[in-house]
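# Summary of structural features
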Amino acid sequence: MTKEEKRNLGFDTLSLHAGYEPEETTGSRAVPIYQTTSYVFNDADHAARLFALEEEGNIYTRIGNPTHSAFEKRIAALEGGEAALATSSGMAAINLTILGLLEAGDEIVSSRCIYGGTYNLFSVTLPKYGIETTFVDPDDLDAWEEAITENTKVLYLESPGNPLLNIVDIKKVAEIAHENDITVVFDNTFNTPYLCQPLSLGADIVVHSATKYIGGHGSSIGGVIVGSEDFIFKVRTEGYRDTGPALSPMNSWLFIQGLETLSLRMERHSENAQQVAEWLEEHDQVEWIKYPGLESHPQHELAKKQQENFGGMVCFEIKGGFEAGKKLINSVELCSLLANVGDTRTLIIHPASTTHEQLGKEEQEEAGITEGLIRLSVGIENVEDIIADLKQAFATID
Ligand SMILES: *Cc1c(COP(=O)(O)O)cnc(C)c1O
């Protein structure tokens, strides 16, 4: 397939075919797992050309691997990007992207509603290397503009945001960035390229935790960066090579397996989450609920414009606060109590007693973590079983 032909293929077809043709030696239909550290050079000159980056080819799996390459090409095709780089985790993808764009003295303006690990990277670790971040309310476009200084190199955002699933207007934030010659980095983990393609809305670089919906089955940690050929080449041959966050070829293979059913799973996650959200909205033990697919969500119209569907993440406030929240998660039987999202199975967490327990009251409030906040990552089980489990768990609360 030529590039031109590939561009005309649909999303589902690309998710099964992009990035790999049956290889010549065995004709293997599935992408082989190249579980090797290194690759034999043809001769000394060939080796020299590869090392001098004059010729493309495999040298060492810390820099590149054919299984990674198939995964990278496939995700790049799905995001509508030129190239991609697979990494050992989502955090590695984010860190390498930042290190590829900024140096000491540069600044980030970031949405405040982002993944906790990223918040920590920006607020605690990067300042040690001279990179400072200003956090803003992502819904306030003036706040983005006002936070920009002459040192700002990146605007960073997620949508739906963490933890309250607010939807950010990607086009508008990208306009502000580009007027100021600033790069937009977008964490597309919660959407996956099936629900939203931020590059087509103005983002410059997309990062993912492949650990979540891309892998999709709760089995493997990994990440990926999608961007221009030049940027990916730079990150591969600088930060990635020099700091070593390569993933295992086996994990790239598992992410390829995940991509092959991505659209089917995201449709079912969205369908189930919509039904669970509608059921919760009517429940008298629920104070409020946030799901972008509900008309009651303040940015429902924007979500409809920007996204194909609304995804699997739902959050709500249970009446009765901290104790009721704990009781609910102690009483569920089908839903798994754990700190992950994007599994095939339904996951549940009470942030105030777990992920955000160590924050003080004030910090919890600032992060939007209320006492009775419950986050659900709705899985692809039969939806009536998910609802029945929540129903019996609600019934245990006085
Ligand atoms: C999990 C997650 C990350 C971090 O990814 P890891 O694979 O756990 O390193 C980053 N962003 C979002 C939105 C996430 O959900």
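Computed from a predicted structure; not experimentally measured.

## Brief notes about the pairing of strand β7 (residues 223-227)
Each regular strand shows side chains that alternate between the opposite faces of the sheet. Along β7, five of the five residues are buried, which leaves the element largely enclosed by surrounding structure. Of the two faces of β7, the one lined by G223, I225 and G227 and the one lined by V224 and V226 are each fully buried. As defined by bridge partners, strand β1 (residues 83-87) adjoins β7 across five bridges and the pair is classed as antiparallel. Considered in β7, the bridge of T87 is made with G223. Inspection of the sheet shows strand β6 (residues 205-209) paired to β7 by four bridges, in the antiparallel sense. The partner of S209 across the bridge, within β7, is G223.

## Structural notes on the packing of aromatic side chains
The tally for this structure, following the rule as stated, stands at eight aromatic pairs. Each ring, one from Y119 and one from F135, has its centre 4.2 Å from the other, and the planes form 25°; the classification is stacked. Here Y119, found in helix α6 (residues 116-125), pairs with F135, found in strand β3 (residues 132-136); they are 16 residues apart in sequence, far enough to count as distant. Clustering of aromatic rings is evident, with ring pairs tying together W279, F316 and F394. In this arrangement the basic side chain of K290 is found over the ring face of W288, its NZ or CZ atom lying 4.7 Å from the centre.

## Considerations on the site of the ligand
If you check the shell around the ligand, you find 13 residues, and the closest are M91, D187, S209, T211 and K212. G90 is positioned with one of its backbone polar atoms (N or O) 2.9 Å from an oxygen atom of the ligand. Take K212: an N or O atom from its side chain is 2.7 Å from an oxygen atom of the ligand. Bound to the protein, the ligand loses 93% of the 380 Å² it would expose on its own. Here the shell around the ligand takes three residues from helix α5 (residues 90-101), the largest share from any one element.

## Examining unusual backbone geometry
Cis rather than trans, the peptide bond between S159 and P160 has omega equal to 0°. Of note, the amide linkage connecting N162 to P163 takes the cis form, showing an omega dihedral of 0°. Inspection of the secondary structure puts P163 in the loop between β4 (152-158) and α8 (170-179). Non-glycine residue D181 carries a positive phi angle of around 65°. Examined against the element boundaries, D181 turns out to sit in the loop between α8 and β5 (183-187). Owing to a relative accessible area of 73%, D181 belongs among the exposed residues under this scheme. For T192, which is not glycine, the phi dihedral falls at a positive 65°. Assignment of secondary structure puts T192 in helix α9 (residues 192-195). T192 sits in the buried class, given a relative accessible area of 0%.

## Some points on the sheet that holds β6
Here we have seven strands laid out as an open sheet, ordered β1-β7-β6-β5-β4-β2-β3, and mixed in their pairing. Each edge of the open sheet is held by one strand with a lone partner, namely β1 and β3. Neighbour-to-neighbour, the strand axes of this sheet turn through a mean angle of 20°, independent of strand direction. Where β4 lies against β5, five bridges are found, and the strand directions are parallel. Within β5, the position partnered with L157 by the bridge is F186. Together, β1, β2 (107-111), β4, β5, β6 and β7 form the strand contacts of α5, whose direction differs from that of β6 by roughly 155°. The strands touched by α6 within the sheet are β2, β3 and β4, with β3 carrying the most contacts at an inclination of about 130°.

## Quick notes on α5
Helix length check: α5 (twelve residues) gives 17 Å between terminal C-alpha atoms against 16 Å at 1.5 Å per residue, within 8%. Of the positions making up α5, those classed as buried are G90, A92, A93, I94, L96, T97, I98 and G100. The backbone nitrogen of M91 has a side-chain oxygen 3.4 Å away, supplied by the residue at the start of α5, namely S89.

## Topic: the domain arrangement of the chain
When the domains of the chain are assigned, the result is domain 1 (3-260) and domain 2 (264-394). For domain 1 and domain 2, the distance between their C-alpha centres works out to 27 Å. Taken together, the contacts link 30 residues of domain 1 with 35 residues of domain 2. Summing both sides of the interface, domain 1 and domain 2 together bury roughly 2600 Å²; the carbon and sulfur share of this comes to 58%. For domain 1, the biggest contributors to the area lost against domain 2 are I167, L195 and Y213; these three give 29% of the whole. Across the contact surface, domain 1 and domain 2 share zero salt bridges. Across the contact surface, domain 1 and domain 2 share twelve residue pairs in polar contact (both at pLDDT 80 or more). Listing elements by their share of the side of domain 1 that touches domain 2, those giving two or more residues are α9 and α11 (249-260). A per-element tally of the side of domain 1 that touches domain 2 places α9 first, with three residues. Here the residues of the side of domain 1 that touches domain 2 are counted per class, giving 15 nonpolar, eleven polar and four charged.

Procedures and definitions
Residues numbered from 1 in each chain as written. Predicted model: local features only at pLDDT ≥ 70, side-chain atom pairs only at ≥ 80, totals over all residues. Heavy atoms only, no water. Buried < 20%, exposed > 50% of the residue type's maximum accessible area, 1.4 Å probe, protein only. Helix = DSSP H or I, 4+ residues; strand = E, 2+ residues; numbered from the N terminus. Pairing = 2+ DSSP bridges. Phe/Tyr/Trp six-rings, centres within 6.5 Å; stacked < 30°, edge-to-face > 60°. Lys NZ or Arg CZ within 6 Å of the ring centre and 35° of its normal. Near = heavy atom within 4 Å. Polar contact = N/O pair within 3.5 Å; in protein donor to acceptor, adjacent residues only side chain to side chain. Areas by Shrake-Rupley, 256 points an atom, 1.4 Å probe, with all protein chains shown as cover. Axes fitted to C-alpha atoms, helices over the stretch in contact; angles between N-to-C directions. Contact = heavy atoms within 4.5 Å. Expected span 1.5 Å × (residues − 1). Domains from an automatic or database assignment. Buried area = accessible area lost by both parts, 1.4 Å probe. Salt bridge = Lys/Arg side-chain N within 4 Å of Asp/Glu carboxyl O. Nonpolar A, V, L, I, M, F, W, Y, C, P; charged D, E, K, R; others polar.

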